[in-house]
Structures are given as C-alpha cells and as structure tokens.
Amino acid sequence: MQSLADNLKSFTERAPLKLVTYGVAGLVGVTLLMKITRKSALDAFPTVGSSTSMIRAGYRQYGGKPFKIAGLPRQWLVVISEPKLVEELRKAPDEYMSFKEASNEGLKLEYTLGYETHHNPYHVPIIRSQLTRNLTALYSEIRDEVIVAFEETLQLNDHEWTTVPALDTAMKVVCRTSNRLFVGLPLCRNADWMNLNIEFTVDVMKGGLIIGMFPDFLAPLVGKFFTSVPTGTKRAEKHLRPIVEERQRFIDEYGREWADKPNDMLAWLMDEAEDDERSVRLLAQRLLAVNFSAIHASPFYPSPIHAPSKSNAHAFLFHRSFTQALYRLAANPQYVQPLREEIEAVVAEEGWSKIAMTKMRKVDSFLKETQRCDGIGSLSMSRKALKDFTFSDGTFIPKGTMVSVASHAIHHDSGIYDDADRFDPFRFADLRTEDGEAMKHQMVSTNPDFLSFGHGRHACPGRFFAANELKTMLAHVVMAYDVKLEDGAPGPGPFEFGSGMLGANPTAKVMFRKRV
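Numbers given to residues run from 1 along each chain, matching the order in which its sequence is written. Restriction of local features to residues with pLDDT of at least 70 applies here, the model being predicted, together with a cutoff of 80 or more for giving and counting side-chain atom pairs; totals for whole chains, interfaces and linings are based on all residues. Computation of side-chain values: all heavy atoms of the structure, hydrogens and water removed.

In this model, Leu185 is joined to Pro186 through a cis peptide bond whose omega is 0°. As for its placement among the helices and strands, Pro186 is situated in the loop between α10 (166-182) and α11 (191-211). Although it is not a glycine, Asp158 adopts a positive phi angle of roughly 45°. Secondary structure follows DSSP: runs of H or I at least 4 residues long count as helices, runs of E at least 2 residues long count as strands, and numbering of each begins at the N terminus. For Asp158, the position within the fold is in the loop between α9 (139-154) and β4 (162-165). The exposed category is assigned to Asp158, whose relative accessible area is 64%. Unlike most non-glycine residues, Asp275 shows phi in positive territory, near 50°. Position of Asp275 among the secondary structure elements: in the loop between α14 (265-272) and α15 (280-295). Here's how the labels work: a residue is buried when its accessible area is under 20% of the maximum for its type, exposed when over 50%, partly exposed in between, all with a 1.4 Å probe on protein chains only. Residue class for Asp275 comes out exposed when judged on its relative accessible area of 66%.

Following this line, the structure appears as structure tokens:
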C-alpha cells in the first residue's frame, strides 16, 4: 500500500496544475470565510491598492499616516512611513515585531531554503563579521573575477559594438564574483555550479509563491514536492563533497589553521558549523542559501508580491541594482567622463584596492541614487507582529499582522529629497561635502529617509560586501568599456510587478564595446 506521501507525490506528478487550482480555490474559500465570520481590528485603517503607484498615492493622500494594502494571502499588510513610527518599528523587540517570521511568511523559508538554514542562521554573523572584515584582504580576488567574468560573459570582438541582455549579464558576473569569495577557484567558474545557484534562486521564489497558496497545515506536504531544496542540495553536494572532504582531512591532520588554508565562505562555515551542520549536505544547503541572498537577494522578500525586507543577508538583488545602474549609464553618456576622471585619480593614488572604492564618491553616489530612484521594491523593513503592538501615536497592530515601511514613496518625497523624481547621479556625493555629512550619505549608510538596505539591527549585514562588489563592477565597466542603448531604443525604465518587482527591466539590452 502506498503511503500518503507516495500518493501525494504521484498526484502532483500527474496533475500539478490541478493541485495548484485546488489550493487557490481553497485559499479563496478560507479568505471569504474569514471575512464573513470575524471583524478585523484593521478595519479602521484606510485601504489602498498594492501597486507601487497606489502605495505612493496612499502615502500622499494620508500624509504619511498608516494605511493598509492587500498583502500576503489571507491577510492585510499595514504600511507606515512617519519617521517616528519607522524608528519605533526599528527598535521594537523581536518577540513583538519579528523580521525572521516576516521573511518566512512570504517565502516559506523552512521549505524553500531548508529547516536548518531558517532556524539556525549561523551564517548571518559570518557575513556580518568575517566577510566584511576580509574585504580588504580579498579585494584583489574580487577585482580579478570582475575582469574575467565580464570578459568571458561579453565575448566582445575588437572594437565592435555587441548587444547583450543586461540583466542576464549582470547576474552571471555577480554570481561568479560572489562565489570567488564563497567557494574560491576553480568552482566559482564552473558552469553547472553557476547555473545551479541562479536556477535555485528562481525556484525559491516560485516555491514560496506556490506554498503560500495553501493553508498553513498543508505547507509541509506541498513544500515537499514544490521546492528545489532536495534536488538542488544533491546537485550542490556533488560539487562540494571533494572540496569539503579534502579540507576536513587537513583540519584533522593539522588543526583548523593549517598552512595555505583557504580564506572563503566555505572555510568560515566549516569553522563555525557544529554537529550535523558539518555534513556536506547541510553545508551545501547553507551555501545555496548564501548564494540566494547574494544573487537575488537581497533583501529576501517577505512576500513574492512585496518588496525585499531582509533575509539571511538581505542582499537586495545585487544584479538588478547593478543592471539598473547600467541602464542609467547607457542612457546618460554625459555622466561617463566625470566618473572616469574620479576613478583615474583615485586609482593613480591608491591602485585598485578596497580603500580606493571608499574614495570613489561619485561611483558610490551613482549607485545609491539608482537605488533611490529605481529601487527594488516599494516596501522595506517588513515585520510580523508576534504579539499585539501599539505605536506611540495609538496605531494598534494586532498579533499576526504584517507591517512594512513605504520606502519607495519616502525615496520619492520632494520634501526629503530636492526634485525627488529626478535622477541626479552625484546627489549624494555633493551632500557628503557638507560639514558632518560625509558618513551619512554613503551607499551603505541607513536612516529613516534611505531604506534600500533596511535600517537598524536587521539592516543588511552583507551591504558592505554588496557595495564593494557593485562599485568595483561599475568602475570596471566605466574604465574598460563604452556602453550605450540600442539605436532608437527608449531608456529602459524600472520594471514593476505589484509592489515588489521594481528594478531592472528583465528584457532590456545594452550595447558594449571595448575602449580603444
């Protein structure tokens, strides 16, 4: 006799669309029943649509006061924006306002990334400490991989213009460069390893969306057959097993600090892993999660429909952020020369180094202004209320409610930023010349007015790595290539899907050629 799991697997293999249809129908039924049988404590909040433009309209209409939108399945999401409330959300204890559970609510991380990864995120302090501390020592490897990755991905001929899919190109370069620090050479250049991590990223998003269609009690069963964790982990194990076993032999023979020990994420994970976490399977699963953060995200999304909050590394969609900066550069050739002059002057003084990246204020500003204008989502700092919570202005948030900050609307408020809808690439570089403002307006700095990396103790711990990588990529493109849009093509604006898919248009292309 077949087990329940076997029967379910057989059914899903034969009719996955039917299962999803049932899930959606059940979800609609449960939602209607909830609306009929109980009055929500959130009825007092005004309601707006969940698209980015509607959230901005709600922000203006209600003067920054809280409102609600249709959020995750079966619930509303409360949107706040007043600086005082943003600060209170930032300071709220995790047992009241949970970032972790907000992330899990939308992406079902227990099933899409794995139970151990979600409940024991020991890689987060590694990202915050070892990864950040080693950026100076490892900068030459970052720079080398950026050069080689662009060269091999673009495959340019002499001085001819070549049209490439910008988002796909950026994703490949980000994946390779990130993995140079995660697993080192030669694996970071292995085509199957790269494809696995890119595919896994997409599968996590799809898996979270599908699982979210079903009632919570069905999540373990649905998650078993609608996520890529088992197959992705096995595929990653094949690549990592010989590397992990060789390193473990060195540890067993010479101790944890042997000569020529690699200085990468895998080594740091092996140093910190305890008990079962030291297995190849769980190390592989952990590295897939770290790659998900670096390649996609960023931020995780607390929902596939809404904007990124922060996950294991918050990672805010590196490749989308860079792609949009590339579009801006290609559409505005007048900004290339000022960038080149700054890069040439800094490199002449500091060489290609981590300290050089900190001195490239215009490069930093160009990327930060791209984040502000184009964004990667309309909401940030998402939290789930684990207990009833009341803000100081009397705003009551009942247990179980999701709360987010209207980051895109804040970033486009002309009361905060002069001519806020205008792209001013050196806006933040100019602000840094004012007394006492040098630190505040760096790309990695967070405050209630700039929330691309979140804010507070749950701000992206990988943002220093992200900024360093993105600045190196932009500086290299400016110095090594000419870029432009295809002749007659309009400047590709940010792509929007609901409130969560702002950022690079996935179909737009950019033309490259080698500089003479």
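Alright, that's what it looks like, and here's the rest.
So, on to the environment of Arg463. Topologically, Arg463 is positioned in helix α22 (residues 463-480). In the analysis that follows, any N or O atom pair within 3.5 Å is treated as a polar contact, provided that within protein one partner can donate a hydrogen and the other can accept it, and provided that, for residues neighboring in sequence, both atoms belong to side chains. Here the side chain of Arg463 touches Val444 through a polar contact of 2.8 Å, landing on its backbone oxygen.

Now for the sheet that holds strand β9 (residues 481-484). Reading across from one edge, β4-β10-β9 is the order of the three strands in this open sheet, with antiparallel pairing throughout. The open sheet is flanked by β4 and β9, the only strands paired with a single partner. Here the strands of the sheet are splayed against their neighbours by 35° on average, with no regard to which way each runs. Relative to strand β10 (residues 509-514), β4 is paired through four bridges, and the arrangement is antiparallel. Across the sheet, the residue bridging to Thr162 is Phe512, located in β10. Whether two residues touch is decided by their heavy atoms; if any such pair falls within 4.5 Å, the residues are in contact. Comment: axis = line fitted to C-alpha atoms, over the contacting stretch for helices; angle = value between 0 and 180 degrees taken between N-to-C directions. The strands touched by α22 within the sheet are β9 and β10, with β9 carrying the most contacts at an inclination of about 95°. Two strands pair under a simple rule: DSSP has to find at least two bridges between them.

Right, let's talk about empty space enclosed by the protein for a bit. Cavities and pockets are found on a 1 Å grid laid over the protein atoms alone: a cavity is a set of points where a 1.4 Å probe fits but cannot escape, a pocket is an open set with protein on both sides within 12 Å along at least five of seven lines, and a lining residue has an atom within 4 Å of such a point. Grid points are joined across faces, edges and corners, and a volume is the space filled by probe spheres set on the points. Taken as a whole, the largest cavity spans an internal volume of roughly 100 Å³. Lining the largest cavity are 13 residues; nearest its centre among them are Ile376, Gly377, Ser407, Leu451 and Ser452. Take the lining of the largest cavity: its biggest share by element is three residues, from helix α20 (residues 407-411). Classes in brief: Ala, Val, Leu, Ile, Met, Phe, Trp, Tyr, Cys and Pro nonpolar; Asp, Glu, Lys and Arg charged; the others, Gly included, polar. Looking at the lining of the largest cavity, its residues break down into four nonpolar, eight polar and one charged.

Mapped onto the elements, Thr390 comes out in strand β6 (residues 389-390). If sequence neighbours within four positions are ignored, Thr390 has contacts with Thr395 and Phe396.

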